Amino acid sequence: MADFFPDLIVTNAKVVTINPSNRIAEAVASKGEYIMAVGGTAEVSNLAGPNTRTIDAAGRTVIPGLMDGHAHMDREGLKDVFPSLEGCRSVDDILNRISTIAGNTKSGEWIVTMPVGDPPYYWNVPGCLAENRFPTRQELDDAAPNNPVYIRPIWGYWRHQLPLESVANTEALELAGISKDIDPATSTIEFEKDATGELTGLIREQHFMPVAELGYFQMAPRFTHSDRITGLKKAMGIYNSTATTSILEEHGAAQELISAYQAVNAAGDATVRAHLIYSPAWGGAQEIDYATIMQNWTAWLGQYGLGDSWLRVGGMFTDTGMDADAMFRATAAPYTGWSGFNYDNGVPQNRIVEFMIEAARNGIRLAVIGPRFLEMFHEVNRAIDITDKRWIIGHLDTLNADQIQKASDLGVVMTTHTNRYIYKHGHILRDELGPERLNDIAPVRRLLDAGVNIALATDNVPTTLFYPIWHVVSRWNMVSNDRIAPEQAISREEALRCGTMGGAYLTFEEDRKGSLEEGKLADMAILSTDPLTCTEEEIKDIVADITIVGGKVVYERNTKI
């Protein structure tokens, strides 16, 4: 008889089901991984058996688990692998911290730290230091006279401002083969020199993805397979804490990241469902037989890919071209640093449509960054129908009316990057485009009205999806302190639907998750605040009090629930 009782019931809640009618219920019951019933508190509570766990939500709001469409989730768990310089407010602070580290490090061993500045954005560097400069190699020599020292650059997409800057002491520069007499490997790298022509130790880069760290400092400590496994488990907990229960790694996953996910899932430690788009490594080769490769890869990348509801690998990320920076970074392969994707993933521009047609022919859907690919998708569609394949365009920045119509006609699905294009850089786009094109900036309202599926995404800056939910509702810009293209705002209900059902549709799982309905996966969160009724400003600060994935509590804040 016990087999008929639910394992878990959440009662006395405001259950925002996100079903087709936007039903609001009071309780949810689950059995195993699936939802057994949704309804009133009394009727659902009557289903309880002797071993049913009942959670009284005390009036709190329950929503389906959120899905991050462009997460880079693993990155969050790697941020404490190397010593932090957070909180340093002067060069002396940095030197004292490095000196302390040196005191606990054997002679000759590397000292590698996180970047100068404070996470998550690392704003105002080196302006955050009293001297308004970085430490020099000589100062680092004095702080750690027996060790090579390297202060890493940021991952540039945390801040979206150039340049990236890192600092090495004399021994680290020598081990990396960097001297005052050599030219940098690529045009984006600068080795700063003082008035006498000597290296200061500062390495400046005009690229958002670090180049020198991967190309020159391959002998320095870096993220290990164990680091990635441990970090991934930690990151899942962080994402769970703000109600995220599923992610898509749309920018692609290299084998070292796939292996970390496989290890976490094999151990039964996963608390976030993941769909990984594959990141190929072409190695700069030009004469690749894409037709044969796609035929060989269709068995595991084609259609929905291989895996289960917890971990699936399917589809392929692509870009155009491979510049000198990408190839220099790729010399570190199979190591990928912060990215988790391969840097040499580009296809020659003159072969990109051919490549895409072969992918379409073999049922391998593609994920790309930016609306510039719409014309290429259109050319592919003339040869092979992709209108029901849900090819993905990420990092939604600007789209005009013609592009929106084309996206709708092609059945393209899109993910946002509101953290950049509304919140941090929206004022810049507004100035560049002028008033006549204002509504081309992250035009979520127009896209939804045109029938384009939109999923929300964090890009890991910060990790909570309630920031993008707030962005698409408020259109708020942190620099100008006003609203960017307010006509493109959507309702709170629509924003929640983008963050739940929009994400499920992205991975062909709209019949399995994304709403709280009988028979769907029991992925849900009890929230600290009701996103439908709180003040607009409060939306971004919402957290989960309890997060449930597959009917099991995977995160529980210290609350009275």
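How each quantity is defined
- Residues numbered from 1 in each chain as written.
- Predicted model: local features only at pLDDT ≥ 70, side-chain atom pairs only at ≥ 80, totals over all residues.
- Heavy atoms only, no water.
- Helix = DSSP H or I, 4+ residues; strand = E, 2+ residues; numbered from the N terminus.
- Buried < 20%, exposed > 50% of the residue type's maximum accessible area, 1.4 Å probe, protein only.
- Contact = heavy atoms within 4.5 Å.
- Areas by Shrake-Rupley, 256 points an atom, 1.4 Å probe, with all protein chains shown as cover.
- Lys, Arg positive; Asp, Glu negative; His and termini not counted.
- Charge placed at Lys NZ, Arg CZ, Asp CG, Glu CD.
- Pairing = 2+ DSSP bridges.
- Axes fitted to C-alpha atoms, helices over the stretch in contact; angles between N-to-C directions.
- Parallel < 35°, antiparallel > 145°, perpendicular 65-115°, else oblique.
- Left-handed = near helix turned anticlockwise from the far one by under 90°.
- Nonpolar A, V, L, I, M, F, W, Y, C, P; charged D, E, K, R; others polar.
- Salt bridge = Lys/Arg side-chain N within 4 Å of Asp/Glu carboxyl O.
- 1 Å grid on protein atoms, 1.4 Å probe; cavity = no way out; pocket = protein on both sides within 12 Å on 5 of 7 lines; lining within 4 Å.
- Points joined across faces, edges and corners; volume = space filled by probe spheres on them.

Peer 1: So what exactly am I meant to see when it comes to the overall build of the protein chain here?
Peer 2: Counting secondary structure elements, the protein chain contains 19 helices and 28 strands. Taken along its principal axes, the extent of the C-alpha atoms in the protein chain is 80 × 60 × 50 Å. Within the protein chain, buried positions represent 61% of all 561 residues. Here the analysis covers contacts within the protein chain between residues at least 6 apart in sequence; of these, 74% occur between residues at least 24 apart. On the protein chain, roughly 21100 Å² of surface is accessible, and the fraction owed to carbon and sulfur atoms is 48%. In the protein chain, 49 side chains carry a positive charge and 74 a negative one; their mean positions are 3 Å apart.

Peer 1: What is the right way to read the sheet that holds strand β5 (residues 34–39) from this model?
Peer 2: Backbone hydrogen bonds are what pair the strands of a sheet, in a parallel or an antiparallel way. Spatial strand order, β5-β4-β1-β6: four strands in an open sheet with mixed pairing. Looking at the sheet topology across the chains shown, the edges are occupied by β5 and β6 (53–56). Between one strand axis and the next, the sheet turns through 15° on average, direction left out of account. Across three bridges, the pairing between strand β1 (residues 8–11) and strand β4 (residues 27–31) is antiparallel.

Peer 1: Would you explain the packing of helix α12 (residues 374–383) against helix α13 (residues 401–410) in this entry?
Peer 2: The packing of two helices is summarised by the inter-axis angle and the distance between the axes. Two numbers describe how α12 lies on α13: the axes approach to 10 Å, and their chain directions differ by 40°. As far as their axial angle goes, α13 and α12 are oblique. Where α12 crosses over α13, the handedness of that crossing is left-handed. Along its contact with α12, which presents L374, E375, F377, H378 and N381, the element α13 presents Q403, K406, A407 and L410. The class makeup of the residues in the contact of α12 with α13 is four nonpolar, three polar and two charged.

Peer 1: For this particular structure, what's the right way to read the side chain of R228?
Peer 2: Residue placement: R228 occurs in helix α7 (residues 225–240). Every residue in contact with R228, bar those within four places of it in the chain, is listed here: D74, L78, F223, E256, A260, Y335, T336 and G337.

Peer 1: Hey, could you run me through the pattern of salt bridges in this one?
Peer 2: Pairing of side chains with opposite charge becomes possible as their charged atoms draw close. Under the criterion given, the structure shown has 34 salt bridges. K31 serves as the salt-bridge partner of D7, at 3.5 Å between the closest nitrogen and oxygen. On the criterion of sequence distance, the pair formed by D7 in the segment before β1 and K31 in strand β4 is long-range, its members being 24 residues apart. Under the relative-accessibility criterion, D7 is labelled partly exposed at 35%. A salt bridge links D80 to K234; the nearest nitrogen and oxygen atoms lie 2.4 Å apart. One end of the pair, D80, is in the loop between α2 (73–77) and α3 (91–103); the other, K234, is in helix α7, and 154 residues separate them in sequence. Judged by its relative accessible area of 49%, D80 falls in the partly exposed class.

Peer 1: Looking at this structure, how should I read empty space enclosed by the protein?
Peer 2: A probe as big as a water molecule, rolled over the atoms, marks out the empty space that is left. Within the structure shown, the criterion is met by eight cavities of 30 Å³ or more. Space inside the largest cavity adds up to approximately 90 Å³. Lining the largest cavity are F82, V112, Y150, R152, E213, L214, F217, Q218, A220, P221, R222 and Y335. Tallied by class, the residues present in the lining of the largest cavity amount to eight nonpolar, one polar and three charged.

Peer 1: Would you take a moment to explain the sheet that holds strand β28 (residues 552–556) for this structure?
Peer 2: An order of β3-β2-β7-β26-β27-β28 is seen for the six strands of this open sheet, with the pairing classed as mixed. At either end of the open sheet lies a strand with only one pairing partner, and these are β3 (24–25) and β28. Across two bridges, the pairing between strand β2 (residues 14–16) and β3 is antiparallel. Counterpart to V15 in the pairing with β3 is A25.

As far as function goes, none of this settles anything; it's purely spatial.
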